[in-house]
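# Descriptive analysis of the structure
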Amino acid sequence: AVVNDQTVQVQRNVRLAVDLIARDLRMAGYGNPAAGALGGCANHVNPTNSSSGSDSISVMTIDQPIGTLASAHTTGNLITVSGLASDAAVGNLITLEGIFTASVTAVNTGTGVLTLGGAAIQSPQTIPAGAQVLRLICVTYTVSGADGVVPGSSPSVTYLPYQLLRNTTASATNAVPIVDGIESLQLAYGLDADKSGRIDDQNASGTVDC
(Lines give C-alpha, C1' and ligand atoms only; values in the text may rest on other atoms or scores of the structure.)
Protein backbone atom coordinates (compact mmCIF):
# COMPACT_ATOMS: atom_id res chain seq x y z
CA ALA A 1 0.00 0.00 0.00
CA VAL A 2 2.84 2.39 0.85
CA VAL A 3 4.62 1.62 -2.44
CA ASN A 4 1.39 2.15 -4.37
CA ASP A 5 0.83 5.50 -2.67
CA GLN A 6 4.40 6.58 -3.46
CA THR A 7 4.02 5.50 -7.09
CA VAL A 8 0.80 7.50 -7.47
CA GLN A 9 2.49 10.54 -5.93
CA VAL A 10 5.50 10.30 -8.28
CA GLN A 11 3.20 9.92 -11.30
CA ARG A 12 1.17 12.94 -10.21
CA ASN A 13 4.33 15.02 -9.78
CA VAL A 14 5.66 13.90 -13.16
CA ARG A 15 2.39 14.89 -14.86
CA LEU A 16 2.64 18.36 -13.30
CA ALA A 17 6.28 18.65 -14.42
CA VAL A 18 5.45 17.55 -17.97
CA ASP A 19 2.59 20.08 -18.09
CA LEU A 20 5.07 22.81 -17.06
CA ILE A 21 7.62 21.76 -19.70
CA ALA A 22 4.87 21.55 -22.34
CA ARG A 23 3.67 25.06 -21.45
CA ASP A 24 7.18 26.47 -21.86
CA LEU A 25 7.68 24.63 -25.16
CA ARG A 26 4.33 25.80 -26.53
CA MET A 27 5.31 29.40 -25.84
CA ALA A 28 8.85 29.02 -27.23
CA GLY A 29 9.74 32.01 -29.39
CA TYR A 30 6.64 34.01 -28.38
CA GLY A 31 7.15 37.56 -29.59
CA ASN A 32 9.85 36.35 -31.99
CA PRO A 33 12.86 37.39 -29.89
CA ALA A 34 16.15 37.58 -31.77
CA ALA A 35 18.53 34.63 -31.56
CA GLY A 36 20.86 35.11 -28.60
CA ALA A 37 18.67 37.79 -27.03
CA LEU A 38 18.52 35.90 -23.72
CA GLY A 39 21.50 34.54 -21.81
CA GLY A 40 21.59 30.74 -21.90
CA CYS A 41 19.43 30.57 -25.03
CA ALA A 42 21.19 30.92 -28.36
CA ASN A 43 17.91 30.15 -30.17
CA HIS A 44 14.23 29.75 -29.31
CA VAL A 45 14.71 26.06 -28.45
CA ASN A 46 18.14 24.78 -27.43
CA PRO A 47 18.33 21.01 -26.87
CA THR A 48 21.52 19.39 -25.60
CA ASN A 49 21.49 15.70 -26.48
CA SER A 50 23.71 13.42 -24.43
CA SER A 51 24.70 9.99 -25.72
CA SER A 52 25.52 8.72 -22.24
CA GLY A 53 23.48 10.72 -19.74
CA SER A 54 20.46 12.92 -19.38
CA ASP A 55 19.54 15.50 -22.01
CA SER A 56 18.75 19.11 -21.20
CA ILE A 57 16.68 21.74 -22.95
CA SER A 58 16.65 25.54 -22.82
CA VAL A 59 13.67 27.49 -24.13
CA MET A 60 12.97 31.18 -24.79
CA THR A 61 9.52 31.52 -23.26
CA ILE A 62 7.20 33.75 -21.23
CA ASP A 63 8.10 34.43 -17.62
CA GLN A 64 5.18 36.56 -16.42
CA PRO A 65 3.29 39.82 -17.02
CA ILE A 66 5.04 42.86 -15.53
CA GLY A 67 2.16 45.29 -16.11
CA THR A 68 -0.11 46.71 -18.81
CA LEU A 69 0.29 49.61 -21.24
CA ALA A 70 -1.10 52.81 -19.72
CA SER A 71 -1.68 54.30 -23.18
CA ALA A 72 -1.49 53.15 -26.77
CA HIS A 73 2.06 52.70 -28.06
CA THR A 74 2.42 54.07 -31.57
CA THR A 75 5.90 55.54 -31.85
CA GLY A 76 9.30 55.82 -30.16
CA ASN A 77 11.10 53.78 -27.53
CA LEU A 78 9.30 54.87 -24.36
CA ILE A 79 6.30 53.09 -22.84
CA THR A 80 4.39 53.79 -19.64
CA VAL A 81 3.39 50.64 -17.77
CA SER A 82 0.52 50.52 -15.27
CA GLY A 83 1.18 48.28 -12.28
CA LEU A 84 4.86 47.90 -13.18
CA ALA A 85 6.34 44.92 -11.34
CA SER A 86 8.89 45.83 -8.67
CA ASP A 87 11.43 43.41 -10.17
CA ALA A 88 11.34 44.96 -13.66
CA ALA A 89 14.97 45.66 -14.49
CA VAL A 90 17.41 46.84 -17.11
CA GLY A 91 18.29 43.90 -19.35
CA ASN A 92 14.79 42.37 -19.23
CA LEU A 93 13.48 41.26 -22.60
CA ILE A 94 9.81 42.21 -22.90
CA THR A 95 7.11 41.78 -25.50
CA LEU A 96 3.91 43.75 -25.92
CA GLU A 97 1.28 41.08 -26.56
CA GLY A 98 3.80 39.28 -28.78
CA ILE A 99 3.55 42.11 -31.35
CA PHE A 100 6.60 44.19 -30.43
CA THR A 101 9.63 42.79 -28.58
CA ALA A 102 12.58 44.75 -27.20
CA SER A 103 15.11 44.86 -24.38
CA VAL A 104 14.72 47.25 -21.45
CA THR A 105 17.55 49.78 -21.27
CA ALA A 106 16.18 52.00 -18.47
CA VAL A 107 13.49 51.73 -15.78
CA ASN A 108 11.77 54.58 -13.92
CA THR A 109 9.84 52.85 -11.15
CA GLY A 110 8.30 56.13 -9.99
CA THR A 111 6.58 56.90 -13.29
CA GLY A 112 6.39 53.38 -14.66
CA VAL A 113 8.25 54.43 -17.80
CA LEU A 114 10.44 51.86 -19.56
CA THR A 115 13.01 52.79 -22.17
CA LEU A 116 13.33 50.13 -24.85
CA GLY A 117 16.46 49.37 -26.84
CA GLY A 118 16.70 48.39 -30.48
CA ALA A 119 14.43 49.54 -33.27
CA ALA A 120 11.50 51.75 -32.27
CA ILE A 121 7.95 50.73 -33.12
CA GLN A 122 7.07 51.77 -36.65
CA SER A 123 3.92 53.44 -37.95
CA PRO A 124 1.23 52.29 -38.66
CA GLN A 125 1.83 49.62 -36.02
CA THR A 126 -0.24 50.36 -32.89
CA ILE A 127 -0.45 48.50 -29.61
CA PRO A 128 -3.56 49.48 -27.65
CA ALA A 129 -3.75 50.66 -24.06
CA GLY A 130 -4.28 47.78 -21.66
CA ALA A 131 -2.08 45.39 -23.65
CA GLN A 132 -0.03 43.09 -21.44
CA VAL A 133 3.68 43.73 -21.06
CA LEU A 134 5.23 40.26 -20.77
CA ARG A 135 8.75 39.41 -19.67
CA LEU A 136 10.58 36.70 -21.60
CA ILE A 137 13.15 34.39 -20.05
CA CYS A 138 15.42 31.48 -20.90
CA VAL A 139 14.24 28.39 -19.00
CA THR A 140 16.52 25.35 -18.71
CA TYR A 141 15.40 21.86 -17.71
CA THR A 142 17.97 19.28 -16.65
CA VAL A 143 18.35 16.30 -14.29
CA SER A 144 20.84 15.97 -11.46
CA GLY A 145 22.99 12.84 -11.57
CA ALA A 146 23.42 10.01 -9.09
CA ASP A 147 25.87 12.25 -7.20
CA GLY A 148 23.42 15.19 -7.23
CA VAL A 149 25.65 17.21 -9.54
CA VAL A 150 24.07 19.25 -12.35
CA PRO A 151 25.85 18.16 -15.54
CA GLY A 152 28.00 20.86 -17.08
CA SER A 153 27.60 23.27 -14.17
CA SER A 154 30.62 25.37 -13.32
CA PRO A 155 31.34 25.67 -10.50
CA SER A 156 29.90 22.26 -9.62
CA VAL A 157 26.47 22.50 -7.94
CA THR A 158 25.01 19.65 -5.93
CA TYR A 159 21.32 18.88 -5.43
CA LEU A 160 19.63 15.68 -4.31
CA PRO A 161 20.24 12.78 -6.73
CA TYR A 162 17.84 12.35 -9.66
CA GLN A 163 15.91 15.60 -9.46
CA LEU A 164 14.32 17.28 -12.46
CA LEU A 165 15.43 20.91 -12.20
CA ARG A 166 14.02 24.10 -13.72
CA ASN A 167 16.31 27.09 -13.96
CA THR A 168 15.42 30.61 -15.10
CA THR A 169 18.87 32.18 -14.65
CA ALA A 170 22.33 31.65 -16.08
CA SER A 171 23.58 30.34 -12.74
CA ALA A 172 23.19 26.64 -11.95
CA THR A 173 22.96 27.53 -8.25
CA ASN A 174 19.46 28.93 -8.82
CA ALA A 175 17.82 25.82 -10.27
CA VAL A 176 14.55 24.79 -8.63
CA PRO A 177 13.75 21.08 -8.16
CA ILE A 178 10.30 20.35 -9.56
CA VAL A 179 10.10 16.56 -9.16
CA ASP A 180 12.20 13.87 -7.46
CA GLY A 181 13.04 10.39 -8.68
CA ILE A 182 13.76 11.27 -12.32
CA GLU A 183 16.86 9.45 -13.58
CA SER A 184 16.96 10.85 -17.10
CA LEU A 185 15.33 13.38 -19.39
CA GLN A 186 15.33 12.23 -23.03
CA LEU A 187 14.04 14.38 -25.86
CA ALA A 188 12.64 13.44 -29.26
CA TYR A 189 11.16 15.99 -31.63
CA GLY A 190 10.24 16.33 -35.28
CA LEU A 191 8.86 18.75 -37.84
CA ASP A 192 5.52 19.02 -39.58
CA ALA A 193 6.69 21.43 -42.27
CA ASP A 194 3.86 20.59 -44.67
CA LYS A 195 1.22 21.00 -41.90
CA SER A 196 -0.30 17.60 -42.56
CA GLY A 197 -0.76 16.92 -38.86
CA ARG A 198 1.96 14.24 -38.97
CA ILE A 199 5.69 14.43 -38.33
CA ASP A 200 7.48 14.55 -41.68
CA ASP A 201 9.40 11.61 -43.11
CA GLN A 202 11.91 13.92 -44.75
CA ASN A 203 14.30 11.26 -46.04
CA ALA A 204 11.53 8.92 -47.27
CA SER A 205 12.85 6.10 -45.10
CA GLY A 206 9.37 4.99 -44.07
CA THR A 207 10.02 5.95 -40.42
CA VAL A 208 9.45 9.11 -38.43
CA ASP A 209 12.37 11.53 -38.41
CA CYS A 210 13.12 12.87 -34.93
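Reference entry: report on the structure contained in this document. What you see is a predicted model; the values in this text were computed from it and never measured.

The next subject is the state of the cysteines. Under the defined criterion, the tally for this structure stands at 1 disulfide. Disulfide pairing places C41 opposite C138 at an S-S distance of 2.1 Å. Its S-S torsion of about 80° marks the bond between C41 and C138 as right-handed, since a negative value means left-handed. Residue C41 is located in the loop between α1 (2-26) and β1 (45-48), and its partner C138 is located in strand β7 (residues 132-143); the two are separated by 97 residues in the primary sequence.

With phi around 55°, N32 is a residue other than glycine that occupies positive phi space. Here N32 is to be found in the loop between α1 and β1. Look at N32 and you get exposed, because its relative accessible area is 61%. Notably, E97 is not glycine yet its phi reads approximately 55°, a positive angle. Tracing the sequence through the fold places E97 in the loop between β4 (93-96) and β5 (100-108).

Reading the values: the criteria
Sequence order as written defines the numbering, with residues in each chain counted from 1. Only residues with pLDDT of at least 70 get local features here, since the model is predicted, and only at 80 or more are side-chain atom pairs given and counted; chain-wide, interface and lining totals rely on the full set of residues. For the side-chain quantities, the full set of heavy atoms in the structure was used; hydrogens and water were omitted. Cysteine sulfur atoms that come within 2.5 Å of each other are treated as a disulfide pair. The helix and strand labels rest on DSSP assignments: H or I over at least four residues marks a helix, E over at least two residues marks a strand, and numbering proceeds from the N terminus. Accessible area is worked out with a 1.4 Å probe on protein chains only. A residue is then buried under 20% of its type maximum, exposed over 50%, and partly exposed in between.

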